[in-house]
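Architecture at a glance
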Amino acid sequence: QVQLVESGGGLVQPGGSLRLSCTASGAIFRINYSDWYRQAPGKQRELVAVISSGGNTNYADSVKGRFTISRDNAENTVYLQMNSLKLEDTATYYCHVRQWGVDYWGKGTLVTVSS
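Read on for a plain summary of the structure.

Scoring rules and cut-offs
- Sequence order sets the numbering: in each chain, residues are counted from 1 along the sequence as written.
- Thresholds applied to this predicted model are a pLDDT of at least 70 for local features of residues and 80 or more for the giving and counting of side-chain atom pairs; totals over whole chains, interfaces and linings are not thresholded and use all residues.
- No hydrogens and no water enter the side-chain calculation; it runs on all heavy atoms of the structure.
- For the purposes of this analysis, a disulfide is any pair of cysteine sulfur atoms at a distance within 2.5 Å.
- A helix here means a DSSP run of H or I that spans at least four residues, while a strand means a run of E at least two residues long, and both kinds are numbered starting from the N terminus.
- Only protein chains enter the accessibility calculation, which uses a 1.4 Å probe. A residue is then buried if its area is under 20% of the maximum for its type, exposed if over 50%, and partly exposed in between.
- Counted as salt bridges are all cases of a side-chain nitrogen of Lys or Arg within 4 Å of a carboxyl oxygen of Asp or Glu.
- Paired strands, as defined in this entry, are two strands with at least two bridges between them according to DSSP.
- Think of each axis as a best-fit line through the C-alpha atoms, taken over the contacting stretch in the case of a helix, with angles from 0 to 180 degrees between the N-to-C directions.

**Remarks on the state of the cysteines**
By the definition in use, this model includes 1 disulfide. Here Cys 22 pairs with Cys 95 through a disulfide, and the sulfurs are 2.0 Å apart. Here the S-S torsion is close to -80 degrees, and the disulfide linking Cys 22 with Cys 95 is therefore left-handed. Within this pair, whereas Cys 22 is found in strand S3 (residues 18-26), its partner Cys 95 is found in strand S9 (residues 91-99), the two being separated by 73 residues in sequence. The pair Cys 22 / Cys 95 is uniform in exposure class, with both members buried.

**Structural notes on the pattern of salt bridges**
The final tally for this structure, using the stated rule, is 5 salt bridges. We note a salt bridge from Glu 46 to Arg 38, for which the minimum N-O separation is 2.7 Å. On the basis of relative accessible area, Glu 46 is assigned to the partly exposed category, the value being 34%. The closest approach of N and O atoms between Asp 61 and Lys 64, which form a salt bridge, is 3.1 Å. Judged by its relative accessible area of 48%, Lys 64 is partly exposed.

**Observations concerning the pairing of S9**
Successive side chains on a regular strand alternate, one facing one side of the sheet and the next facing the other. For S9, a buried count of 7 out of 9 residues is recorded, marking the element as mostly surrounded by other parts of the structure. Judged from the 8 bridges that link them, strand S4 (residues 31-39) and S9 form a sheet pairing that is antiparallel. Across the sheet, the residue bridging to Arg 38 is Tyr 93, located in S9. As paired elements, S9 and strand S10 (residues 102-105) share 4 bridges and run antiparallel to each other.

**As for the sheet that holds strand S7 (residues 67-72)**
Two pairing modes exist for strands in a sheet, parallel and antiparallel, and in both the strands are linked by backbone hydrogen bonds. Read from one edge to the other, the open sheet built from 4 strands follows the order S1-S3-S8-S7, with strand pairing classed as antiparallel. The sheet is open, and its two edges are formed by strand S1 (2-7) and S7, each paired on a single side. When strand polarity is set aside, the average angle formed by the axes of neighbouring strands in this sheet is 15 degrees. Inspection of the sheet shows S1 paired to S3 by 6 bridges, in the antiparallel sense. The residue of S3 that forms the bridge with Val 5 is Thr 23.

Given below as structure tokens:
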């Protein structure tokens, strides 16, 4: 079983930056892909960024050019670098991975963008 723990959330001013981390532990053998979702209060959860096992990435249109997803396989960690943050980026961000057809979710880390 895989456990995911997110960190790095907090309060940031508009235009600022944050880097979220998602560290996996447990029975890690073959991660098919990793991604980040976010959910704002009263809103549906949306996919923010994806990185495949081959290193291919994809982003939601709302964050393209501002967010970067990356990974460090040696540390079993996926990152989400968030730059030029906007008020609408405020949400709880969730890490998700898929391994052997099984989905694993973190508990989320809150990002608040406010002046």
